[in-house]
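Residue-level listing of the chains:
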Amino acid sequence: MRAAPKVVMVGAVAVTSFRHLQLAGLCMLWLGFPAGAGVLPDDRADALYHSYDGGGVTITGPSILVLKNVRQDLVISGNYYVDSISSASIDVVTQASPYEEERTEYTLGADYMHNNSIMSASYTSSDENDYEAQTASFGISMDMFANMTTVAMGYTRGWDVVGKVNDPSFSENVDRQSYTLGLTQVITKDMLMEVNYEAITDEGFLNNPYRSARFLDPDSALGYSYEPEVYPDTRTSNALAIRSIYHLPFRASALAEYRIYNDTWGILAQNFKVAFVRPVISGWVFEGRYRYYTQNSADFYSDLFPRRDSQNFVGRDKELSTFTNNTLGFTMSFDFIRNGWHWIDRGSINFSYDHMWFDYADFRDLRDTSAPAGGEPLYSFSADVAQIFVSIWF
Amino acid sequence: MLIRRIVILVGMLLVLTACSSVEPWVKPYERANLADEIMQFQRDPVSATYMIHVYGAREGARGAEGGHGGGCGCN
C-alpha cells in the first residue's frame with residue numbers, strides 16, 4: 001500500500017517500476033534460454049531470490065524458471081517473477097511520499113527444433129497497479145557452416161497500458177516492436193565470438209505520468225517550480241554488441257563485451273565488461289566481473305529549465321541524464337549434486353553479489369535546499385545487488 | 001547512422017560468405033574447450049535475465065543484451 005500522497009504526485013519513482021517494464025517486456029523473453037541452434041536446452045529448474053538496495057529503493061522477490069522437454073524436439077518453459085518495491089528514491093523524497101508496490105510477471109515459452117534450426121515463441125504478461133504489459137516474441141536460430149556459425153533472428157511485439165494510481169480515468173497505450181539479429185562464430189578451438197544487433201521502436205505515451213521537470217521560478221521560495229514532463233511519443237533505438245569468450249590454457253575462461261547504443265532522443269551510450277570464470281576446488285566455480293557504462297543526456301533533458309514551457313519536450317528523468325555506472329561483482333557456485341540423486345542429474349547453489357556506483361553529471365541533489373537553484377551538489381548513489389539461487393537439472 | 005551501417009556491412013559480408021563453400025577450420029573433435037560449461041556467454045539464464053532487468057531499469061540504453069541463441073554447435 002502506498003503512503004498518503006503529497007500534492008505533487010504519488011510515484012515519481014515509478015522510475016523503477018515504470019521504466020523497467022518497458023524493457024522487461026521486450027528483453028526477458030529472449031534471455032532465458034541460451035540454447036545453441038540445433039541443441040535444445042536441458043531440462044532444468046531455477047529458483048532465485050533477488051535483492052536490490054540503493055538510492056533509497058529496495059526491490060526484492062523471487063524468480064522461478066522451469067524448462068522441460070515434452071518431446072525430443074520440443075521444450076516448453078515457464079517463468080514467474082516478482083518485484084516487491086519499497087521506494088524512497090531521490091525523486092520521491094523531494095517531490096512525493098515513499099510508497100510500496102508489487103509487479104508480477106508470467107512468461108510461457110516454447111522452443112521447437114527442426115534439423116539445425118530452433119524456432120522459439122513466448123508470451124509474457126506483466127502487471128502492477130498502474131502499468132500492464134503484454135509481450136509476444138518469435139525467433140529462429142540456425143546452425144550453418146559445419147556448426148561453426150549460428151545465426152539468430154527475432155521479432156517482439158509489446159502492448160502496454162499506462163495508468164495512474166490517483167486517477168482511474170487515466171489510461172494511455174504504448175506499442176513496442178523489437179527486431180534482433182545475432183551471429184555467433186567459432187573463431188578458434190578456444191574462442192567464440194558473438195555479435196548482436198537490436199532495433200526497438202516505441203510509440204505512444206512514453207513518459208512517466210507522475211514525474212515533473214523543474215524550471216527557474218523567481219516567485220518560488222526555492223527559486224524553482226515544477227511542471228509535468230512531456231516526452232516525444234515515438235522512440236527508435238539501435239544497439240550493437242560484440243562479445244568474445246576465450247578458454248585459457250588452464251581451465252578458466254575470460255569474457256569481454258562492448259556495446260554501443262543510440263536513439264532518436266539523442267542518447268549515445270557505451271558499455272564495456274570483462275569477466276573471468278574459474279573452477280577453484282572440486283564442485284566450486286568462481287566468477288569475477290567488472291562493467292563500465294556511460295551515456296550522454298537526451299536532447300530534451302535538463303536538470304533545470306530556464307522557464308515554464310521553455311520547449312516542446314521537457315524531461316528530468318535521471319535515466320535520461322549524463323552519467324556513468326561502474327559495477328563490480330562476483331558469483332560463487334557449488335554443485336551439491338554432481339553424480340545424480342534420485343531423479344535429479346545435477347544440482348547447484350549459487351550466490352551472486354554486485355556493487356554499483358552511479359555518478360550523475362547533470363542531475364542535482366535537491367535535498368540540499370540551502371544552495372541556490374541550479375547550484376545544488378550533483379547526485380550520486382551506490383547500490384547492492386544480491387542473488388541467491390538453486391538450479392537443478394533433471 | 002553508424003550502427004545501422006555496421007550492421008548492413010556485416011550482413012553483406014555474411015551473404016558473400018554464404019556464396020562460397022567454407023571448410024570448418026575447427027573440427028568437431030577439437031571443440032572440447034568450446035563445449036566446457038565455463039564457455040557460455042550467459043552461464044545462468046535466470047540470473048543473467050535479472051541483471052539485464054536491473055541495468056535496464058536504471059540506464060537509458062536498451063537492447064542487444066545477447067542470449068538470442070548461439071553456442072558452438074559442440075554439444
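Bear in mind that the values here come from a model prediction, so they are computed numbers and not experimental data.

### A short note on the overall build of chain A
Piece 1. The number of helices and strands found in chain A is two helices and 18 strands.
Piece 2. Oriented by its inertia axes, the alpha-carbon framework of chain A measures out at about 70 × 40 × 40 Å.
Piece 3. For chain A, buried positions account for 46% of its 394 residues.
Piece 4. Pairs at least 24 apart in sequence give 61% of the contacts found in chain A among residues at least 6 apart.

### Quick notes on the pairing of strand β3 (residues 74-87) of chain A
All names here are of chain A.
Piece 1. Residues Val-75, Ser-77, Asn-79, Tyr-81, Asp-83, Ile-85 and Ser-87 point to one face of β3 and are all buried, whereas Leu-74, Ile-76, Gly-78, Tyr-80, Val-82, Ser-84 and Ser-86, pointing to the other face, are not buried.
Piece 2. Here β3 runs beside strand β4 (residues 99-114); their pairing, made up of 14 bridges, is antiparallel. Across the sheet, residue Ser-86 finds its bridge partner in β4, namely Glu-100.

### A look at the nonpolar core
Piece 1. One finds Tyr52(A), Val385(A), Val46(B), Tyr50(B), Met51(B) and Val54(B) to be the most contacted residues of the largest nonpolar core, which totals 24 residues.
Piece 2. Listed by contribution, the elements that provide at least two residues to this core are β1 (44-54), β2 (57-71), β3, β17 (346-364) and β18 (378-393) of chain A together with α2 (45-58) of chain B.
Piece 3. The dominant element in this core, judged by the number of residues it contributes, is α2(B), at seven residues.

### A few points about the confidence of the model for chain A
Piece 1. Here chain A shows a mean pLDDT of 90. Residues at 70 or above account for 90%.
Piece 2. Contacts of residues 1-35 of chain A to residues separated by more than four positions or lying in other chains number 136 contacts, the stretch itself having pLDDT below 50.

### Structural notes on unusual backbone geometry
All names here are of chain A.
Piece 1. The phi dihedral of Ala-146 falls on the positive side, at around 55°, and the residue is not glycine.
Piece 2. Secondary-structure assignment places Ala-146 in the loop between β6 (131-144) and β7 (149-162).
Piece 3. The exposure class of Ala-146 is partly exposed, given the 15 C-beta atoms found within 10 Å.
Piece 4. The phi angle at His-342 is positive, at roughly 55°, despite the residue not being glycine.

### As for the environment of Val82(A)
All names here are of chain A.
Piece 1. Within the secondary structure, Val-82 sits in strand β3.
Piece 2. Residue class for Val-82 comes out partly exposed when judged on the 16 C-beta atoms lying within 10 Å of it.
Piece 3. With 44 residues separating them along the chain, Val-82 and Ser-126 place their C-alpha atoms 9.4 Å apart.
Piece 4. Among all residues touching Val-82, those that are not within four sequence positions of it are Gly-61, Pro-62, Glu-102 and Thr-104.

### Side note on the environment of Ser97(A)
Residues and elements named next belong to chain A.
Piece 1. Within the fold, Ser-97 resides in the loop between α2 (90-95) and β4.
Piece 2. Given 18 C-beta atoms within 10 Å, Ser-97 falls into the partly exposed group.
Piece 3. Sequence separation between Ser-97 and Met-356 is 259 residues; the distance between their C-alpha atoms is 25 Å.

### As for α2(B)
Piece 1. Here α2(B) is 14 residues long and its end C-alpha atoms lie 21 Å apart, about the 20 Å a rise of 1.5 Å per residue gives.
Piece 2. Burial within α2(B) is extensive, with 13 of its 14 residues counted as buried.

### Quick look at the environment of Arg157(A)
All names here are of chain A.
Piece 1. Along the polypeptide, Arg-157 turns up in strand β7.
Piece 2. Since 15 C-beta atoms lie within 10 Å of it, Arg-157 is described here as partly exposed.
Piece 3. Arg-157 sits 19 residues away from Phe-138 along the chain, and the two C-alpha atoms are 8.9 Å apart.
Piece 4. Apart from residues no more than four positions distant in its own chain, Arg-157 is found in contact with Ala-136, Arg-176 and Gln-177.

### Here we look at the confidence of the model for chain B
Residue and element names in this part refer to chain B.
Piece 1. With 71% of its residues at a pLDDT of at least 70, chain B reaches an overall mean of 79.
Piece 2. The model gives residues 68-75 a pLDDT under 50, and that stretch makes 44 contacts with residues more than four places away or in other chains.
Piece 3. Both scores are given for the predicted complex: the pTM is 0.88, the ipTM 0.90.

About the criteria used
- Within every chain, residues take consecutive numbers counted from 1 along the sequence as written.
- Just so you know, chain letters begin at A and ligand numbers begin at 1, following the order they were written in.
- Only residues with pLDDT of at least 70 get local features here, since the model is predicted, and only at 80 or more are side-chain atom pairs given and counted; chain-wide, interface and lining totals rely on the full set of residues.
- The helix and strand labels rest on DSSP assignments: H or I over at least four residues marks a helix, E over at least two residues marks a strand, and numbering proceeds from the N terminus.
- In this scheme every C-beta is placed from the backbone, and a residue whose C-beta has 20 or more other C-beta atoms within 10 Å is buried, one with 12 or fewer is exposed, and one in between is partly exposed.
- C-beta atoms are first placed from the backbone for all residues, and any pair lying within 7 Å is then listed as a contact.
- Note on pairing: DSSP must find at least two bridges between two strands before they are called paired.
- The nonpolar core criterion groups buried Ala, Val, Leu, Ile, Met, Phe, Trp, Tyr and Cys residues into a set whenever they are joined through C-beta atoms within 7 Å.
- What pLDDT reports is the predictor's confidence in each residue, on a scale of 0 through 100.
- One fewer than the residue count of a helix, multiplied by 1.5 Å, yields its expected span.

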